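# Architecture and fold: a report
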Amino acid sequence: TNDTTFNYIYNDGVVNSQYINSNQNVAVIINARDSYRTTYSLNAKFDNNGKLFFISNTPINAEQFKTITVTMKAAQTCDNCLYIRAHGLNNNLILGFSEVNTWKDYTFSFSSLGLVNNQFNGIIFEYNQNSAQSFEINIDKIELILDGNVQSSGLCFSTGGSNSNTPQSNPSSDPNINPNDV
């Protein structure tokens, strides 16, 4: 995958959101001992109904992204115990874990998270069990997967003429434009 600055929420010990906020029922550490494709994973230990938030103060334009992939593993099995949802929405994806300590990529479409306005503010993980048993996951990466069919919002657009949505020429490849004049 393409690891650019804005296409991951968590990667290798770096949280690419404004802050991580967890309620009192989650203990979070960055773990160098147990990771998958990176050097550092994020270890979250949930007590009953604990929530882990990855929230950005600036919404991400989700129009550029097709899916979100979370690489994680669980320390114990459970049925329908982990809820995942986009921040500000109530559409829960419910996961269970039948294997212990096995890294897997879980990929979700933005529509399955209930995202309809293309404004993605973050993701919430919630351990949804009213029990005395705690639940532990390790997260190796939370990545937004670019949609190859959508133009990047980073392209420059012309502001004049009748076809103002036409991308400007790349000065380094257009023989009619002097890069020093740009």
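What counts and what doesn't
- Residues numbered from 1 in each chain as written.
- Predicted model: local features only at pLDDT ≥ 70, side-chain atom pairs only at ≥ 80, totals over all residues.
- Heavy atoms only, no water.
- Helix = DSSP H or I, 4+ residues; strand = E, 2+ residues; numbered from the N terminus.
- Buried < 20%, exposed > 50% of the residue type's maximum accessible area, 1.4 Å probe, protein only.
- Contact = heavy atoms within 4.5 Å.
- Areas by Shrake-Rupley, 256 points an atom, 1.4 Å probe, with all protein chains shown as cover.
- Pairing = 2+ DSSP bridges.
- Disulfide = S-S within 2.5 Å.

### A closer look at the overall build of the protein
For the protein, the count of helices and strands is zero helices and 12 strands. When the helices and strands of the protein are read in sequence order from the N terminus, they spell out β-β-β-β-β-β-β-β-β-β-β-β. Residue burial in the protein is summarised as follows: out of 182 residues, 36% are buried. Expressed as a percentage of contacts within the protein between residues at least 6 apart in sequence, the contacts between residues at least 24 apart total 73%. Entry remark: accessible area of the protein is about 10200 Å², with carbon and sulfur atoms responsible for 43%.

### Overview of the pairing of strand β9 (residues 93-97)
Of the two faces of β9, the one lined by L93, L95 and F97 is fully buried and the one lined by I94 and G96 carries no buried residue. As defined by bridge partners, strand β8 (residues 78-86) adjoins β9 across four bridges and the pair is classed as antiparallel. Pairing of C78 across the sheet is with F97, part of β9. Count of turn residues in the β8/β9 antiparallel hairpin: six residues, of which G88 carries a positive phi of about 90°.

### Points about the environment of H87
Take H87: it is sitting in the loop between β8 and β9. In this structure the C-alpha to C-alpha distance between H87 and F54, which are 33 residues apart in sequence, comes to 8.3 Å. Other than its neighbours up to four places away in sequence, H87 contacts F53, I55, N121, G122, I123 and I124.

### Observations regarding the pairing of strand β5 (residues 41-46)
In terms of burial, β5 is largely enclosed, as five of its six residues are buried. Of the strand pairs in this sheet, strand β4 (residues 26-31) and β5 are connected by six bridges, and their pairing is antiparallel. Bridged to V26 within β5 is F46. Sheet topology places β5 next to strand β12 (residues 135-146); five bridges connect them, and they run antiparallel. Bridge pairing links L42 to I139 in β12.

### Topic: the state of the cysteines
On inspection of all chains with the given rule, the structure shows one disulfide. Two residues share a disulfide in this structure: C78 and C81, whose sulfurs sit 1.7 Å from each other. Both residues of the pair, C78 and C81, count as buried.

### Description of the environment of T58
Locating T58 in the fold gives a position in strand β6 (residues 51-61). Measuring from C-alpha to C-alpha, the distance between T58 and G122 comes to 9.5 Å, with 64 residues separating the pair along the chain.

### Re unusual backbone geometry
Negative phi is the rule for most residues except glycine; trans is the rule for most peptide bonds. Despite not being glycine, D12 has its phi angle at roughly 55°, a positive value. With relative accessibility at 30%, the residue D12 sits in the partly exposed group. With phi around 55°, N101 is a residue other than glycine that occupies positive phi space. Turning to its location among the elements, N101 is positioned in the loop between β9 and β10 (104-109). Of the residues examined, N101 reaches a relative accessible area of 46% and is grouped as partly exposed.

### A closer look at the side chain of T67
On the secondary structure map, T67 appears in strand β7 (residues 65-74). The exposure class of T67 is buried, given its relative accessible area of 15%. What T67 contacts, discounting residues up to four positions off in sequence, is T107, F108, S109, F110, E143, L144 and I145.

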